[in-house]
Amino acid sequence: MTDAPLRLRLDGAALVHNWRTLSERSGPAACGAAVKADGYGLGARDVVRRLREAGCRDFFVATWAEAAAVADLAPSVSVLHGARPEDLSDARRWRHVRPVLNTPAQAARWRESGGGPCDVMVDTGMNRLGLRWDAPATAFAGLEIVTLLSHLACADEDHPLNALQRDRFAAVAARVPAQRTSLANSAGIFLGADYRFDLTRPGLALYGGVPCPAAAGLRQVVAPQAQVLQRRRMLAGETAGYNATYRAPADQELAILNIGYADGYGRGFSSVGTVFAGDGACPVRGLVSMDLLIVDVSAAEVAEGDWLTIDYALDRAAAASGRSQYELLTGLGSRFDRVWL
Ligand SMILES: *Cc1c(COP(=O)(O)O)cnc(C)c1O
């Protein structure tokens, strides 16, 4: 199926390059991959297959449905949202797919249902998921912990909570027996060697996101492309799109593209987004519609049926649209054909 009027061009070599770069930056620590939310919108199975071939062994998903989708491909899967009572039969199905236990009740449930390999999340200051860092030893007792994890709240900033979380996690790791320890997400990898522990867990940076200014050398993986449904000329003084928010100062050549906010190209790109026709930059004119986009192609040769590439360099697109790089990836809709290079 490759005949939808919009597609995601996905660069598999860039994905692998990014993982290798992050793996190098992880030093002696192993480098895993967060593939929750369907591989940040790229397609988890396609991502896992490529990264496993590159040497990645440890994959992180949110839910058991996400785990089931990649269990046959991934050597090791950690399910970040833990094991509710209704998850237990899934959680007992594979030994290489482990719950990340987050609460005392989950830990008790795991012990009582037979124990076995599991991961444990420790909350070191984010107040999101995980056992508190100052929980008594009994909270962790009787668990066969493969990976002891914590998650940084501010890794993408220079913030005092980073060092505090690192020190709390090191203290927990010293008293709770586990095969290995893991703290750093994408941005955490760039905070320094004392944040890497045994295993890093990048997500965003794998997919071409720029987690922090220090993260150089990562390549863009995702490029949305949309087909031109119509070419038209707008005359000086006329307006374009809903609510007539854009008025042409001079005659303009327009192309109407098959993409809109229902595809994840949000209203934040109205009048500020850019689309490329080859090297020619074409500005978005007026409001983004649900399924359509109006761009000014006066500076390029564009015909009905041509494919144009949306500027989706994640740091730049986030700054332009006011949405986070994570939202830009995971918000990409279901109407795209996914085409891997
Ligand atoms: C999503 C997530 C990651 C990956 O974070 P990025 O910022 O995308 O690198 C790592 N660990 C946990 C617990 C997560 O929820």
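Above this note sits the structure.
As the structure is a computational prediction, the values presented were derived from the model and not from experiment.

What counts and what doesn't
- Residues numbered from 1 in each chain as written.
- Predicted model: local features only at pLDDT ≥ 70, side-chain atom pairs only at ≥ 80, totals over all residues.
- Heavy atoms only, no water.
- Helix = DSSP H or I, 4+ residues; strand = E, 2+ residues; numbered from the N terminus.
- Buried < 20%, exposed > 50% of the residue type's maximum accessible area, 1.4 Å probe, protein only.
- Pairing = 2+ DSSP bridges.
- Right-handed = clockwise from strand over helix to strand, strands pointing away.
- Near = heavy atom within 4 Å.
- Nonpolar A, V, L, I, M, F, W, Y, C, P; charged D, E, K, R; others polar.

A. Examining unusual backbone geometry more closely. Its identity as a non-glycine residue notwithstanding, tyrosine 40 has a phi of 55°, on the positive side. Tracing the backbone shows tyrosine 40 in helix α2 (residues 36-40). One non-glycine residue with positive phi stands out, namely asparagine 127, at about 55°. Tracing the backbone through its elements, the reader meets asparagine 127 in the loop between β7 (117-123) and β8 (131-132). On the basis of relative accessibility, which here comes to 66%, the residue asparagine 127 falls in the exposed class.

B. Quick look at the pairing of strand β5 (residues 76-79). Residues Ser76 and Ser78 of β5 are buried on one face, and the alternating residues Val77 and Val79, pointing to the opposite face, are buried as well. The pairing of strand β4 (residues 58-61) with β5 spans four bridges and is classified as parallel. In the sheet register, phenylalanine 59 faces β5, and the bridge partner there is valine 77. Of the crossover connections in this fold, the one passing from β4 over helix α4 (residues 64-70) to the parallel β5 is right-handed. Judged from the three bridges that link them, β5 and strand β6 (residues 97-101) form a sheet pairing that is parallel. Considered in β6, the bridge of serine 78 is made with arginine 98.

C. Molecular detail of the site of the ligand. Around the ligand, a shell composed of 14 residues is seen, among which Lys36, Tyr40, Ser186, Leu204 and Tyr326 lie nearest. Residues of the shell around the ligand, tallied by class, amount to seven nonpolar, four polar and three charged.

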